[in-house]
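Chain and residue survey
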Amino acid sequence: MSEIQSTKEMPTKYDPKETEGKWYAYWLEGEYFKAERAAGKTPYTIVIPPPNVTGNLHIGHALNNTLQDILIRTKRMQGFDALWLPGMDHAGIATQARVEGMLKNEGTSRYDLGREKFVEKVWEWKDKYADIIRQQWSKMGLSLDYSRERFTLDEGLSNAVREVFVRLYEKGLIYRGAYIINWDPQTRTALSDIEVEYKEVKGALYHLRYPLKDGSGHIEVATTRPETMLGDTAVAVHPEDERYKDLIGKTVILPIVGREIKIVADDYVDKEFGSGAVKITPAHDPNDFELGNRHQLEQILVMDETGKMNENAGLYQGLDRFECRKKIVKDLQEQGVCFKIEEHIHQVGHSERSGAVVEPYLSTQWFVKMGPLAEEAIRRQKEEQAVAFVPDRFEKIYLHWIENIRDWCISRQLWWGHRIPAWYCTDCGEMTVSREDIHSCPKCESEKLEQDTDVLDTWFSSALWPFSTLGWPEQTEDMKHFYPTDVLVTGYDIIFFWVARMIFTAHEFTDQNPFKNVLITGLVRDAEGRKMSKSLGNGVDPMEVIDQYGADAMRFMLATGNTPGNDQRFRWERVEAARNFANKIWNASRFALMNLEGFTIEDIDLSGPLGTTDKWILTRLNETIQEVTRLLEQFEFGEAGRTLYNFIWDDLCDWYIEMAKPHLYGEDAAAKRTTQSVLSHVLEQTLRLLHPFMPFITEEIWQHLPHQGASITVAEWPKVNDHLHFPDSVKQMGLLMDVIRNVRNIRAEMNVPLSKKIELMIKPTSEEAQHLLQQGEEYIRRFCNPEKLEISLALTTPDKVVSAVVTGAEIYLPLAGLIDLDKEIARLEKEAENLQKEVERVEKKLSNQGFLAKAPEQVVEEERAKGRDYQEKLDAVKARIVELKS
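Model, not experiment: these values are computed from the prediction.

Conventions used here
Residues numbered from 1 in each chain as written. Predicted model: local features only at pLDDT ≥ 70, side-chain atom pairs only at ≥ 80, totals over all residues. Heavy atoms only, no water. Helix = DSSP H or I, 4+ residues; strand = E, 2+ residues; numbered from the N terminus. Contact = heavy atoms within 4.5 Å. Polar contact = N/O pair within 3.5 Å; in protein donor to acceptor, adjacent residues only side chain to side chain. Salt bridge = Lys/Arg side-chain N within 4 Å of Asp/Glu carboxyl O. Buried < 20%, exposed > 50% of the residue type's maximum accessible area, 1.4 Å probe, protein only. Axes fitted to C-alpha atoms, helices over the stretch in contact; angles between N-to-C directions. Parallel < 35°, antiparallel > 145°, perpendicular 65-115°, else oblique. Left-handed = near helix turned anticlockwise from the far one by under 90°. Nonpolar A, V, L, I, M, F, W, Y, C, P; charged D, E, K, R; others polar. Phe/Tyr/Trp six-rings, centres within 6.5 Å; stacked < 30°, edge-to-face > 60°. Lys NZ or Arg CZ within 6 Å of the ring centre and 35° of its normal.

Here we come to the environment of Ile697. Relative to the helices and strands, Ile697 is located in helix α21 (residues 695-704). It is 41 Å that separates the C-alpha atoms of Ile697 and Gln385, two residues lying 312 residues apart in sequence. With residues up to four places along the chain from it excluded, the contact list for Ile697 reads Tyr14, Asp552, Ala582 and Trp586.

Attention now moves to the side chain of Asp232. For Asp232, the position within the fold is in the loop between β8 (218-223) and β9 (234-237). Polar side-chain contacts of Asp232 include one of 2.6 Å to the side chain of Thr281. Excluding its chain neighbours within four sequence positions, the residues that come into contact with Asp232 are Tyr210, Leu254, Arg259, Ile261, Lys279, Ile280 and Thr281.

For the coordinates displayed, the defined rule picks out 65 salt bridges. One salt bridge connects Lys139 with Asp547, and the closest N-O pair in it is separated by 2.7 Å. A residue pair is termed long-range when its members are at least 10 positions apart, and Lys139 in helix α5 (residues 115-140) and Asp547 in helix α15 (residues 542-549) qualify at 408 residues. Residue Asp547 is classed as partly exposed on the basis of its relative accessible area of 40%. Residue Arg868 is joined to Glu861 by a salt bridge in which the shortest nitrogen-to-oxygen separation is 3.2 Å.

Relative orientation of the contacting elements helix α16 (residues 551-560) and helix α17 (residues 572-594) amounts to 120°, with a least axis distance of 8 Å. As far as their axial angle goes, α17 and α16 are oblique. For the crossing formed where α16 meets α17, the hand is right-handed. The segment α16 lies against α17, with Ala553, Phe556, Met557 and Thr560 engaging Arg574, Val575, Ala578, Arg579 and Phe581. Residues that form the contact of α16 with α17 fall into these classes: 6 nonpolar, 1 polar and 2 charged.

Here the structure, examined in full by the defined rule, presents 37 aromatic pairs. Their ring planes at 25° and their centres at 5.3 Å tell us that Trp27 and Phe696 sit as a pair that is stacked. One end of the pair, Trp27, is in helix α1 (residues 16-29); the other, Phe696, is in helix α21, and 669 residues separate them in sequence. Across this residue pair, the class does not change: Trp27 and Phe696 are buried. Aromatic side chains Trp408 and Phe504 sit 6.4 Å apart centroid to centroid with 75° between the ring planes, which places their arrangement in the edge-to-face category. Of this pair, Trp408 sits in strand β16 (residues 408-409) while Phe504 sits in helix α14 (residues 495-510), and the two are 96 residues apart along the sequence. Over the ring of Phe151 we find Lys126; its NZ or CZ atom is 4.6 Å from the centre of that ring. Residue placement shows Arg501 over the ring face of Trp408; its charged tip is 3.9 Å from the ring centre.

Here it is in structure tokens:
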């Protein structure tokens, strides 16, 4: 498209609702988001962290997805074969809980429906919320390749899950066994260690006396969970504890139950803590379980899966565990067994999913043996090509966790998820693990088979996401071309849940890192810094933000509020500021288009003579291209956004467009054509730079400008043009802008309107500065409105003037009709005070030996230059104060 559309098609005010849906449909129709798998192109791959199909996306998703979209749009424009693969997670416990809640409201339950019908209901839920999530992705403007969308329970990923399970089982890295696990009595399922949230709870420490069988006394123990004493099978002491040396091997009588239990010696016991003796409940405590195995102790479960006391609890059978606690304490007090109760603040595990207090519980579960997998992941991270964490401090957190990892409990007592591919023969008892469903026992050929009723932990399938989504275990063309991926963008809260598991799984099954970089984002908190939650009612719906301000404003606000790894606060005024930025761009573009009527791409000519302002804005464009590109490569989205903001708002809109008006309105056709060419070129290139941040408004404006191509989405990323780079112009414009800015500031301070003519005197500090100022005299006259202008090295300063000092010049405005002399002296003294502080700050920095030793020479030299500049200004201000006072 070579000629711009009519400016009448651009309304006076930008309306996101009129623009966003139209362009997203256009992009999808043009298949601009579809990766080509082109042989000559370098691939760049991101797999989206799959949102759970439990409900709507939240503001954290909006941040995470915005950053990924900025990366993928940039890389697409840079010529990479850019794939952003979308998908969703079945989210076992979370989704099942939501559907069960829905059924409860309808007066029924999953048990009423049965497994097959219940799973059908969950699929209906999934289809509904998957559609909602896709709509939300589109409203956010995400450039996802929907032709490759995946779901963790789709056929291909299910095959990958089975393949991984069977291979790990065949290598002895998956096993089934009785173990103390974290049990959620509310959802009735096992939890992995990292699905447990520890909260500080005000509880109690109960001190109990267990009588010795021989009647010679008692031994004191303490517990925070007295209900578990019903399952005690020993009391343990340290073998070197002199107090209990003669009691080791003796028997105590367990109160209430009457069971005889041994006193055993074990190094696990801390003889300095409490009485130095501890009750041992192997079926209800992970440490007791390990100790019990060492001493061949009986394992007695005293609770059922719902958290109620079972038949082993005797009189307390059927009571809820917390009701039992109250009753058993009362009974123990009456018997004189519980002789002291202390208030005790301690950390108690809660289910991340349901919020229920987690019960350590002896259960037969499936586990991944983590030792060999973790060792390989650690070795690769330390000795070979490491995954780069951004910021790098998160690498230590990752390594610390994986170095202290326990075996991973992967079975869940749910109906929604990947069912464990193990079958049990009811005739001979044989267990068979298989990639395919089996219908007869391989050992006895009986057809009486039952598949394991448990499903796999959601994170088991999520751990395969970077390669299963590309077709693994088949060596598909996508797998060959797009794997390994380039970057994973995720929050620090799931480094353990997900990132670590993806890394060691990829090592085991692809012999590669799953991604080159892991970019860690922080949380989006509320304006007071609190974590957003339903209980506080402080959550922000990104769709509401978009409805009010548009997707571009939300995206720009989130991106510029972000520094890698750190939390940010959501403030509505920041969204408004981003919206105002969009309006600034819109208004500037409308002005440009009104002055480009009939101007086509063929008319752009930058080969002719260029003015100072033209050279300056073209040079600043080059600098901005270089800086934004560099910052995005370093994942510094906030700094890249701020660099663009400053260039667009200050340099382009406030300075260049204003300085271009005389040429655009003037009679000189050649000057006008040059200005039109520069304005059109700079604006078009700037829109390309801004496009990854604000895709909708940039496409809308770009389509009106002279351009080539069907969409800015696939336009080439701007490159520095050495032929249009004029470093001297930056110095000249810097001086001119400083002079104009200071004169205008003086006018504002003195309440002198711009329409009132003034006398302006400028004393350059060098011949070079004088030459630069004289070249820019037309701009000084236009923007300062002097009746009389004098620029001279030999300037004789009048007695009564108001002044300002800039790098390269001193500015004087005769006081007549302008100011009060005393006020001007006070103003200068305040300015001198501020400059003195800056001088002292630089001197302090330069006297710091640590700074001088560590900082690059360029940085040190920049500080020295700042110090000289501040000192020069301070000397000039002090001299002026002396002059005025005399």
